[in-house]
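# Analysis of the macromolecular model
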Amino acid sequence: MGSDEGGVESADDAGSAASVVPPVDRAAGSAAHGVPPVDAAAAAGSPAPAVPPADAVAATPGAATGAASSAVPAARRYTRAELEQYRDLAVPDLVGPQTRLLFVGINPSLWTAATGTHFSHPGNRFYPALVAAGIIPRLPAFAGPLPDEDIRMLLDAGIGNTNLVNRATVRADELAVSELVAGAERLRETVRRVRPAVVAVAGVTAYRQSFERPKARAGRQPELLEGAELWVVPNPSGLNAHETIASLGEAYAAPARAAGLLP
């Protein structure tokens with residue numbers, strides 16, 4: 001999922017790999033590379049798509065920060081050419097009837113589009129921060145397609161994921177401001193459908209642009225979004241260097257408490 005101001009998840013640093021990603025049927029979108037839509041009860045019952053074997057040295061989630069890496073399986077790496085196959089594709093939302101806290105990325109990275117998993121780049125700190133906050137009990141295998149048990153863990157924890165703009169790019173600054181403004185309306189429609197208690201947008205610059213709030217600051221916002229509390233939290237990309245897993249965990253714990261997921 002997407003990126004923000006110099007520290008953006010869409011700025012994936014693609015590594016080298018000897019294995020080849022299957023060609024993408026662009027007309028079919030994400031479903032063409034084995035990523036089913038993840039929504040409601042269907043999420044827990046669908047088989048997880050397989051991760052192609054990695055012949056190159058694998059990256060480990062958390063390695064960019066030196067934290068939370070030991071419990072996570074190694075991830076395959078993609079070449080830039082492989083990732084380019086996924087440009088402009090959409091990624092299904094991860095939501096269910098128990099979603100109380102909806103995290104909103106800016107837009108999918110190419111890595112996220114390739115795996116179908118939000119915030120999936122191995123250097124992204126989203127899931128380590130959720131663990132640090134106590135929102136989820138362990139790290140999911142997030143650098144590839146999520147296994148069924150990890151989908152269930154996230155949904156059972158009350159977590160959901162969506163994006164402002166559902167179009168994969170290398171960097172979020174490839175998006176037009178008009179796309180971000182349209183993304184705010186897309187988010188309103190998603191919130192009306194999913195009905196979370198709290199919505200947390202990951203990235204203050206993207207929030208300012210999409211909601212046309214140039215002076216907005218991080219934290220709880222004064223207005224509701226379709227009846228949900230609205231928060232702006234830091235983007236978890238490894239490029240967002242002034243944030244750590246600990247500081248991200250603190251920032252994510254606040255909306256989680258507001259949603260009733262933490263005491």
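Summarised in this report is the structure supplied together with it. Bear in mind the structure is a predicted one, so any value in this text is a computation, not a measurement. (Residues numbered from 1 in each chain as written. Predicted model: local features only at pLDDT ≥ 70, side-chain atom pairs only at ≥ 80, totals over all residues. Heavy atoms only, no water.)

As a further point, take the packing of aromatic side chains. The relative placement of two aromatic rings is captured by the distance of their centres and the angle of their planes. Evaluated as defined, the whole model comprises eight aromatic pairs. Relative to tyrosine 252, the ring of phenylalanine 126 lies with its centre 6.0 Å away and its plane at 55 degrees, an arrangement referred to as tilted. Residue phenylalanine 126 is found in helix 4 (residues 126-133), and its partner tyrosine 252 is found in helix 8 (residues 245-258); the two are separated by 126 residues along the sequence. Tyrosine 252 gets classed as buried once you look at its relative accessible area, which sits at 0%. Site record: aromatic cluster; members linked through ring pairs are Phe103, Phe119, Phe126, Tyr127, Phe142 and Tyr252. (Phe/Tyr/Trp six-rings, centres within 6.5 Å; stacked < 30°, edge-to-face > 60°. Helix = DSSP H or I, 4+ residues; strand = E, 2+ residues; numbered from the N terminus. Buried < 20%, exposed > 50% of the residue type's maximum accessible area, 1.4 Å probe, protein only.)

Interaxial distance between helix 4 and helix 8 falls to 8 Å at its minimum, and their mutual angle equals 65 degrees. Classified by the angle between their axes, helix 4 and helix 8 sit roughly perpendicular to one another. The interaxial crossing formed by helix 4 with helix 8 has right-handed handedness. Contacts from Phe126, Pro128, Ala129, Leu130, Ala132 and Ala133 in helix 4 reach Ile245, Leu248, Gly249, Tyr252 and Ala253 in helix 8. (Axes fitted to C-alpha atoms, helices over the stretch in contact; angles between N-to-C directions. Parallel < 35°, antiparallel > 145°, perpendicular 65-115°, else oblique. Left-handed = near helix turned anticlockwise from the far one by under 90°. Contact = heavy atoms within 4.5 Å.)

This paragraph deals with the pattern of salt bridges. Summed over all chains, the structure comprises 13 salt bridges. When the shortest N-O distance is used, the salt bridge between glutamate 174 and arginine 87 registers 2.7 Å. In this pair, glutamate 174 sits in the loop between strand 6 (159-163) and helix 6 (177-194) while arginine 87 sits in the loop between helix 2 (80-84) and strand 4 (94-95), placing the two residues 87 residues apart along the sequence. Using a relative accessible area of 21% as the deciding quantity, one classes arginine 87 as partly exposed. (Salt bridge = Lys/Arg side-chain N within 4 Å of Asp/Glu carboxyl O.)

Of all hydrophobic cores here, the largest spans 31 residues; its most connected members are Leu101, Phe103, Tyr127, Leu130, Ile135 and Tyr252. Of all the elements in the fold, those that place two or more residues in this core are strand 5 (101-105), helix 4, helix 5 (148-156), strand 7 (198-202), strand 9 (228-233) and helix 8. Top element by residues in this core is helix 4. It accounts for five residues. Excluding anything up to four places from it in sequence, leucine 130 contacts Phe103, Ile135, Ile136 and Tyr252. (Core = buried A, V, L, I, M, F, W, Y, C linked by side-chain atoms within 4.5 Å.)

Within the secondary structure, threonine 99 sits in the loop between strand 4 and strand 5. At 2.9 Å, the side chain of threonine 99 and the backbone nitrogen of glycine 96 are in polar contact. Those residues in contact with threonine 99 that lie beyond four places of it in its chain are Leu155, Gly158, Ile159, Gly160, Val194, Arg195 and Pro196. (Polar contact = N/O pair within 3.5 Å; in protein donor to acceptor, adjacent residues only side chain to side chain.)

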